[in-house]
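# Close look at the chain arrangement
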Amino acid sequence: MATVVGMSRHTAITTSLIVVTALLAGCAPGLAANPRFATNAGARPQGKATTTPPSNGPPPIAKPKNELSWHDCTSREFGDAAVPAAPDVKLDCASYDADLDPVNGAAGTLSIGVVRARSAQTPSDAGPLVFTTGSDLPSSLQLPVWLARAGADVLHTHPIVAVDRRGMGTSSPVDCLDQFDRQEIRDQAQFQAGNDPVANLADIVQNATTSCTDTIAPGNAAYDDTHAATDIERLRSIWDVPALALLGVGNGAQVALSYASSHPDRVARLVLDSPVALGVGAEAAAEQRVKGQQAALDAFAAQCAAVNCPLGPDPKAAVDSMLADARAGHGPAGASVASLANAIGTTLGFPAGDRVSTTNDLATALANARSGDTNLLNSLINRAEATTGTDGQFVNSCSDALNRPTPDRIRELVVAWAKLYPQFGTVGALNLVKCVSWPSTSPPQSPKVLKVNVLLMGVQNDPIVGSEGVLATAATIINATAASKRVMWQGIGHGASIYSACAVPPLIGYLDSGKLPATDTYCPA
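Read on for an overview of the structure. Just so you know, these numbers come straight off a predicted model, no measurement behind them. (Residues numbered from 1 in each chain as written. Predicted model: local features only at pLDDT ≥ 70, side-chain atom pairs only at ≥ 80, totals over all residues. Heavy atoms only, no water.)

In terms of burial, helix α13 (residues 391-400) is a largely internal element, nine of the ten residues being buried. Contacts made by the buried residues of α13 are with α4 (179-187), α5 (197-216), α6 (225-239), α7 (251-262) and α12 (375-388). (Buried < 20%, exposed > 50% of the residue type's maximum accessible area, 1.4 Å probe, protein only. Helix = DSSP H or I, 4+ residues; strand = E, 2+ residues; numbered from the N terminus. Contact = heavy atoms within 4.5 Å.)

Spelled out as structure tokens, the structure:
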């Protein structure tokens, strides 16, 4: 019988067990036999946490011996993230230089931007948690969102330092696409003449790739996961600490795991939230994302109907109709199907409010657009493009894309995925064209031995990376002779630790003690 935390009604227990039973079906490696259920109610750390792990535990999280040149940027960072400033939280910004690519003989340096969060409760002698979201979006943009939710609780025992990936956020920017190519990639060349969208988009992408590789030369091979991990090692070296505590979300989990593979003795804690499996091929990663988008849409539609949202009694049919219109060239305000699909997926993946308000806000934007008022929807489209469609993300995501399918294979997927995944399949398949011309890079090496046990987190309905990476990463951890426990959120979003307050106490407990929770934890939506 599972241990139940914070639930008093028999119905709540029954519902949770049904959900978890479905989640566990067919999964390997097996989950703990006695998972713990939790709720968002009262999800705050209790008592004073232990900052020194036992002598036989992992290394302590050490305070940096050398500090960066920090300056206050609280107002700017919370403003850029469009969230209210967390009470009593101070944000400081800094940067440091990292070598471009000495391994491949590319001389030079670039600037890596970092943002540090502290509060009045943060101990002055506490070591930091290093936070990265990789190429999904700038870490400096996601940190204020986390702090405005439950992330500020982490500051009771540790500061948080967000590291922006090369070419993104506060790091040295990459500006390499002209406006036409950038928009055509976002629209997947939908409005070009002819009946071969793969060929049309491939022509645009070839020009874009040439422009970007010329811009970042001689660092053409310096923007992948492996180099992102070297930037974290550079930070550790500047700080002069023996080991780092790392939290990677989404693609950031790939970066963190790549770091742990290269520097197993320099990891004090390792938290992988909503991970993409290390070394996964581009086609498999794309299909996992499409599956996550479909699952998120189903969960949104169920919630939408439950709260009598403006999309009417069948919200999924309403969304499907809008996507079909856009696919036929009749999207709201002329929006392409890719722009509309990306706006929906990004809004669900990075929610601006709680579950009900996010559902109603998205439903209202879509319902208004169906009636001819596209102002709210245009705002969502613009937000999605600014969040996920920058030139730096194009360079980084293509640098990470492994075993890319050929144009002919993508044509096959366009047909197959349109049937398997009616709402998002075609867009997901065409998105693979984006990186077909990008120079190939070497995949990051899976860790042979991990010196610390790993806290894994995941989301049941993740439209940014899907949910399958959790199981694959668990297998990687087992193969590296380490143990893991899981914190699974049954909601909609990208990052359990970011959007579920219930996921934060297990994270804090692991950071403070170095010990994994006794069981897997399941957080309700």
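Attention now goes to the packing of aromatic side chains. Overall, the coordinates contain three aromatic pairs when judged by the stated rule. Ring centres 5.7 Å apart and planes at 80° place the aromatic pair F394 and W438 in the edge-to-face group. Of this pair, F394 sits in helix α13 while W438 is found in the loop between α15 (425-430) and β10 (454-461), placing the two residues 44 residues apart along the sequence. Overall, F394 belongs to the buried group, its relative accessible area being 5%. (Phe/Tyr/Trp six-rings, centres within 6.5 Å; stacked < 30°, edge-to-face > 60°.)

Okay, the pattern of salt bridges next. As enumerated under the stated definition, the model contains 20 salt bridges in all. A salt bridge links R186 to E385; the nearest nitrogen and oxygen atoms lie 3.4 Å apart. Residue R186 is located in helix α4, and its partner E385 is located in helix α12; the two are separated by 199 residues in the primary sequence. One salt-bridge network, held together by shared partners, links E67, K90, D92, R116 and R118. (Salt bridge = Lys/Arg side-chain N within 4 Å of Asp/Glu carboxyl O.)

Below, the discussion takes up the nonpolar core. Within the largest apolar cluster, 162 residues are counted, with the highest numbers of intra-cluster contacts made by L143, W146, L147, L270, F300 and L311. Leave out the neighbours within four places in its chain, and L143 touches L91, V115, A117, F131, I160 and A162. (Core = buried A, V, L, I, M, F, W, Y, C linked by side-chain atoms within 4.5 Å.)

This part is about the pairing of strand β9 (residues 267-273). Of all seven residues in β9, seven are buried, a share of seventy percent or more. Here strand β8 (residues 244-249) pairs with β9 via six bridges, running parallel. Pairing of A245 across the sheet is with R269, part of β9. For β9 and β10, the ladder comprises four bridges, and the chain directions are parallel. Paired with L272 across the strands is L456, a residue of β10. (Pairing = 2+ DSSP bridges.)

Close contact between α4 and α5 brings their axes to 10 Å; oriented N to C, the two are set at 140°. Put simply, α4 runs oblique to α5. Considering only the axes of α4 and α5, their crossing is left-handed. Taken together, the residues of α5 that come into contact with α4 (itself represented by F180, D181, E184 and I185) are L201, I204, V205, N207 and A208. For the contact of α4 with α5, the class distribution of residues is six nonpolar, one polar and two charged. (Axes fitted to C-alpha atoms, helices over the stretch in contact; angles between N-to-C directions. Parallel < 35°, antiparallel > 145°, perpendicular 65-115°, else oblique. Left-handed = near helix turned anticlockwise from the far one by under 90°. Nonpolar A, V, L, I, M, F, W, Y, C, P; charged D, E, K, R; others polar.)

Moving on to the packing of helix α8 (residues 282-306) against helix α11 (residues 355-370). Two numbers describe how α8 lies on α11: the axes approach to 10 Å, and their chain directions differ by 95°. When the axes of α8 and α11 are compared, the pair comes out roughly perpendicular. On α11, the residues that touch F300, Q303 and C304 of α8 are R355, V356, T359, L362 and A363. Of the residues assigned to the contact of α8 with α11, the class counts are five nonpolar, two polar and one charged.

As a further point, take unusual backbone geometry. With an omega of 10°, the peptide bond between A217 and P218 qualifies as cis. Checked against the element boundaries, P218 lands in the loop between α5 and α6. The phi dihedral of S274 is positive, around 50°, even though this residue is not glycine. Note that S274 resides in the loop between β9 and α8.

For helix α14 (residues 407-420), which comprises 14 residues, the first-to-last C-alpha distance of 20 Å matches the rise-based estimate of 20 Å (1.5 Å per residue) to within 8%. When α14 is considered as a whole, its buried residues turn out to be I410, L413, V414 and W417. The inward-facing, buried residues of α14 abut α5, α8 and α15. (Expected span 1.5 Å × (residues − 1).)

For the structure on display, the rule yields five disulfides. Each sulfur in the disulfide pair C176 and C212 lies 2.0 Å from the other. Across the S-S bond of C176 and C212 the torsion is about 70°, and the bridge reads as right-handed. A residue pair is termed long-range when its members are at least 10 positions apart, and C176 in the loop between β7 (160-163) and α4 and C212 in helix α5 qualify at 36 residues. Classification of C176 as buried rests on a relative accessible area of 5%. With its sulfur 2.1 Å from that of its partner, C398 forms a disulfide with C435. Here C398 and C435 share a disulfide; its torsion about the S-S bond, -80°, makes the bridge left-handed. Pair noted here: C398 is in helix α13 and C435 is in the loop between α15 and β10, with a separation of 37 residues, a long-range link. Classification of C435 by relative accessible area gives buried; the value is 8%. (Disulfide = S-S within 2.5 Å.)

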